[in-house]
Amino acid sequence: MERPRPSAGSHYDTVDSRGRRDSYQSGYSPQSADYRTAGSRAAGYREDSYSHQPHAVEPVKGGPDEEMGVGPGWDVYADFNNSGPRYSTAFGVPGLKNDTGYRPLSRPETLGSKSKKGGTSTAYEPEVELVTVPAMGAEWSAQELKDMKKSGRAEIKAEKRRRNWNAFKRDQKGLCGIAWLTRKVLVWGAFIFIICLGLTLVFVIPRVPNFGFAYGTPLVENGGPTPYFNRYPANFSFTGGVDLQADTHSSFVPVHFTNITAEMYSAETSKLVATGSTGSLTIPAKSYVPLPINMTFSYAALNTSDATWDLYHNACQNKIAIVNGTRPGLNIRLVLKMQIAGLIGSYGTSTLLSDAPCPIQLPLTSG
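Residues numbered from 1 in each chain as written. Predicted model: local features only at pLDDT ≥ 70, side-chain atom pairs only at ≥ 80, totals over all residues. Heavy atoms only, no water.

Observations regarding the overall build of the chain
Thinking step 1. Scanning the chain for helices and strands turns up 5 helices and 12 strands.
Thinking step 2. Relative to its 367 residues, the chain shows a buried fraction of 24%.
Thinking step 3. Residue pairs at least 24 apart in sequence account for 56% of intrachain contacts in the chain once pairs closer than 6 positions are excluded. (Helix = DSSP H or I, 4+ residues; strand = E, 2+ residues; numbered from the N terminus. Buried < 20%, exposed > 50% of the residue type's maximum accessible area, 1.4 Å probe, protein only. Contact = heavy atoms within 4.5 Å.)

Topic: the state of the cysteines
Thinking step 1. Tallying each qualifying case throughout the model produces 1 disulfide.
Thinking step 2. Sulfur-sulfur distance for the disulfide between C316 and C358 comes to 1.8 Å. In this structure, the disulfide formed by C316 and C358 twists by about 85° around the S-S bond and is classed as right-handed. You can see C316 sitting in helix 5 (residues 307-316) and its partner C358 sitting in the segment after strand 12 (347-356), a full 42 residues away along the chain. Neither residue differs from the other here; C316 and C358 are each classed as buried. (Disulfide = S-S within 2.5 Å.)

Comments concerning unusual backbone geometry
Thinking step 1. Of the consecutive residues Y232 and P233, the connecting peptide bond is found in the cis state with omega at -10°.
Thinking step 2. Looking at where P233 falls in the secondary structure, it is placed in the loop between strand 5 (228-230) and strand 6 (235-247).
Thinking step 3. For K286, which is not a glycine, the phi torsion comes out positive at approximately 55°.
Thinking step 4. One can find K286 in the loop between strand 9 (281-283) and strand 10 (288-300).
Thinking step 5. The exposure class of K286 is partly exposed, given its relative accessible area of 43%.

Some details on the pattern of salt bridges
Thinking step 1. Counted by the stated rule, this structure contains 4 salt bridges.
Thinking step 2. Here R162 ties to E159 by a salt bridge, and the two come within 2.5 Å at their closest N and O atoms. Placement of both R162 and E159 in helix 3 (residues 150-169) is noted, with a separation of 3 residues, approximately one turn of the helix.
Thinking step 3. Look at R162 and you get partly exposed, because its relative accessible area is 44%.
Thinking step 4. For the salt bridge of R163 with E159, the shortest nitrogen-to-oxygen distance reads 3.9 Å. You can see R163 and its partner E159 sitting in helix 3, 4 residues apart, about one turn around the helix.
Thinking step 5. Using a relative accessible area of 47% as the deciding quantity, one classes R163 as partly exposed.
Thinking step 6. Overall, E159 belongs to the partly exposed group, its relative accessible area being 31%.
Thinking step 7. It is possible to trace a salt-bridge network through shared partners that takes in E159, R162 and R163. (Salt bridge = Lys/Arg side-chain N within 4 Å of Asp/Glu carboxyl O.)

Here is the structure:
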């Protein structure tokens, strides 16, 4: 029902079915009683506030004014606790037949609460009802279910490592969880380590020694089997030794040779005529060390016209068979190959020797 519009300066009060008072007034009239002490209290709303909505209903105040201290006042929890007056009849009015609002659930006497002494009380004792509790959602979210899988855990670990690496690059976090092990510390530590390592290697890594022939008689006899030279077929075989000298002044530590092999070639024909080896041995550092190597001379040719056979036959023949007793010398090239402990790979060197006397002397009966 449309409410009649009040005239200017008049005071118009209405009372609804729930006992609440509403007032329309264009302003507080000086002829009206004090609005704080009069029986009809104005709400203080102006009609022109709703000029854009001519049929709008102004908000209402329920119950006595709280500022007057009369009555219980406005209860903001009334709608949640299902107490107090209802302002909407959309779901019915409590107590009527068309009431579709909330009603406390009835409870059979057989489900009565237990008394403190252990007995059963048949009296109805209302308990807290979960009316205002929202419905529970899924127990686990999709992300939580994914994180429980192996792939999800791997992603979490990878993301954690990525965050730690980014923090390390920004100098916000140390390496391996160590706070002080930042990039700056690592760079300086690596620099100092490289310097220390270089200084250490200078003193502990052995150097390849220098080799030379000993003074006097570089080729010596070592008392091996009886030498022989044959003409048909042309060949010879005998044993001897090479006196070498190793210079280890460039090394700060003793030099350990795994093996040293020696090969002797004729300087004129470049044919291999002798081989030998030392096996494993160690020589001291910062010194000149004699290094004798036992050699086995062996060569075969088609006939006595071979240049290599002829050179060695003339150099090793008996001195009595020569007119002036002077035998011609041998021109040889010695090649050394060595493996040194502490160094990778093998190393080689070579040296030339001119007019070296033959280490043996053939008997007069030898052709």
